[in-house]
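Here is what each chain is made of, one letter per residue.
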Amino acid sequence: MRNVVIIGSGCAGNTAAVYAARANLSPLVVAGHEPGGQLSITSLVENFPGFPEGVNGPDLVENMKKQAEHFGAEYMNGSVMEADLSKRPFRLNIDGEWMETRTLIVATGASARWLNLPNEQRLIGRGVSSCATCDGFFYREKEIMVVGGGDTALEEANFLTRFGRRVALVHRRDSFRASKIMVDRSKANPKIELVMNTVVQDVHDNEQGVVAGVTLKNIVTGEVARRDVDGLFVAIGHVPNTKPFIGQLELDSEGYLISHGGARTNITGVFHAGDVQDKVYRQAITAAGAGCMAAIEVERFLEAEGH
Ligand SMILES: Cc1cc2nc3c(=O)[nH]c(=O)nc-3n(C[C@H](O)[C@H](O)[C@H](O)COP(=O)(O)OP(=O)(O)OC[C@H]3O[C@@H](n4cnc5c(N)ncnc54)[C@H](O)[C@@H]3O)c2cc1C
């Protein structure tokens, strides 16, 4: 019987593990399909406080893990396939093995949707990004392209005009799904060029392995053309990793966990941390902060229950 199992090993899960381990709760962290979480696929992180020169994303999450292990957290590879939260102790099916725990922290994140271009995954962190807040600063006076047609894509395009020389907003349809106010704002922004009825077929790099251009296809005319860009921002949404909890934890229409205040979910003893609940900020530091909150709530909950 575990005191606490933390599902997910990104910034939220690792921070929860540091706090829970230092509260002597011997947490178990289930690492999931992406050990280290989303920062493990990026390169330089410049906005995590405490690193004036920036820090390599994979190093940051690896150090968080080491810090948690130093205080007694245990990590295991594997994914939670199924959860029975109908009564306590909770039961988790981790790759076929069932395990029991008094409390649970769900820190499973929300995966960015990608375009599935042949060269896309290889160039994430090298010119391909899913986060303007995170990476916009790297593109001062550069040619930027944003792909998407919803509010997020248009917000990101407008935000990126603070940095880029020009921002091309590529959308596969002839009209946007985004709100009228965002569309009007984008049309009025002299730095934004709207490229409609167009899809990106691939992204290309230069000899240094950094994004240098894309191949575009106009789906009305069929015309294929190459275009030089320095940064490709994919803004076509995120998928919260909540599948094992469907029907048990309260989810919103997009599948994100609904908070019941602090780090609480609708089930007593189950807490949330990070991007799996937060579709607004989606940052390493906010996820880490949420992990801290969840672990403190677990500690107080177990204390109140006499454990
Ligand atoms: C390319 C890129 C660059 C970024 N750059 C920055 C940046 O510069 N600065 C910044 O602040 N933010 C950045 N972000 C955003 C940041 O990475 C996220 O906000 C942060 O990682 C969220 O942390 P999290 O722990 O909530 O989720 P995640 O990091 O997504 O971690 C989720 C974890 O849950 C695990 N998991 C999922 N399902 C299961 C399951 N069923 N069982 C077990 N485990 C499971 C996964 O394996 C993973 O370990 C970037 C994101 C991307 C994609």
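Please read these numbers as outputs of a predicted model, since none were measured by experiment.

Draft legend 1. Structural view of the sheet that holds strand S12 (residues 166-170). An order of S10-S17-S11-S12-S13 is seen for the 5 strands of this open sheet, with the pairing classed as parallel. Taken across any chain shown, the strands that pair with only one partner, and hence form the sheet edges, are strand S10 (128-129) and strand S13 (192-195).

Draft legend 2. Examining the pairing of strand S7 (residues 90-94) more closely. Burial within S7 is extensive, with 4 of its 5 residues counted as buried. Judged from the 4 bridges that link them, strand S6 (residues 80-84) and S7 form a sheet pairing that is antiparallel. Directly across from Val80, in S7, lies its bridge partner Ile94. Taking the residues between adjacent antiparallel strands as the criterion, S6 and S7 are bridged by 5 residues. Two elements, S7 and strand S8 (residues 97-106), share 5 bridges in a ladder whose sense is antiparallel. Considered in S8, the bridge of Leu92 is made with Met99. Linking S7 to S8, which pair antiparallel, is a turn of 2 residues; within it Asp95 sits at a positive phi near 50°.

Draft legend 3. Fine view of the sheet that holds strand S14 (residues 198-205). As summarised here, the arrangement of the 3 strands in space is S14-S15-S16, forming an open sheet in which the pairing is antiparallel. At either margin of the open sheet sits one strand with a lone partner, and together these are S14 and strand S16 (224-228). The sheet shows a mean angle of 25° between the axes of neighbouring strands, direction not considered.

Draft legend 4. Representation of the pattern of salt bridges in the model. This structure, assessed with the given rule, holds 12 salt bridges. One salt bridge in this structure joins Arg91 and Asp84, with 3.9 Å as the shortest N-O distance. Judged by its relative accessible area of 30%, Arg91 is partly exposed. Linking Glu193 and Arg227 is a salt bridge whose minimum nitrogen-to-oxygen distance equals 2.6 Å. Here the residue Glu193 occupies a position in strand S13, and Arg227 occupies one in strand S16, the gap between them amounting to 34 residues.

Draft legend 5. The packing of aromatic side chains, seen in detail. One pass over the full model with this rule turns up 5 aromatic pairs. Their ring planes at 75° and their centres at 6.2 Å tell us that Phe137 and Phe163 sit as a pair that is edge-to-face. Residue Phe137 is located in the loop between helix H3 (132-135) and strand S11 (143-147), and its partner Phe163 is located in the loop between helix H4 (151-160) and S12; the two are separated by 26 residues in the primary sequence. Relative to Phe233, the ring of Tyr139 has its centre 5.5 Å away and its plane inclined at 80°; by these criteria the two rings are edge-to-face. Note that Tyr139 is positioned in the loop between H3 and S11 and Phe233 in strand S17 (residues 231-234), a separation of 94 residues in sequence. Across the pair, Phe233 and Tyr139 agree in class, each one buried. Between the NZ or CZ atom of Lys65 and the centre of the ring of Tyr75, over which it lies, the distance is 5.3 Å. Above the face of the Trp98 ring, Arg91 is positioned so that its terminal group lies 4.4 Å from the ring centre.

Procedures and definitions
- Residues numbered from 1 in each chain as written.
- Predicted model: local features only at pLDDT ≥ 70, side-chain atom pairs only at ≥ 80, totals over all residues.
- Heavy atoms only, no water.
- Pairing = 2+ DSSP bridges.
- Helix = DSSP H or I, 4+ residues; strand = E, 2+ residues; numbered from the N terminus.
- Buried < 20%, exposed > 50% of the residue type's maximum accessible area, 1.4 Å probe, protein only.
- Axes fitted to C-alpha atoms, helices over the stretch in contact; angles between N-to-C directions.
- Salt bridge = Lys/Arg side-chain N within 4 Å of Asp/Glu carboxyl O.
- Phe/Tyr/Trp six-rings, centres within 6.5 Å; stacked < 30°, edge-to-face > 60°.
- Lys NZ or Arg CZ within 6 Å of the ring centre and 35° of its normal.

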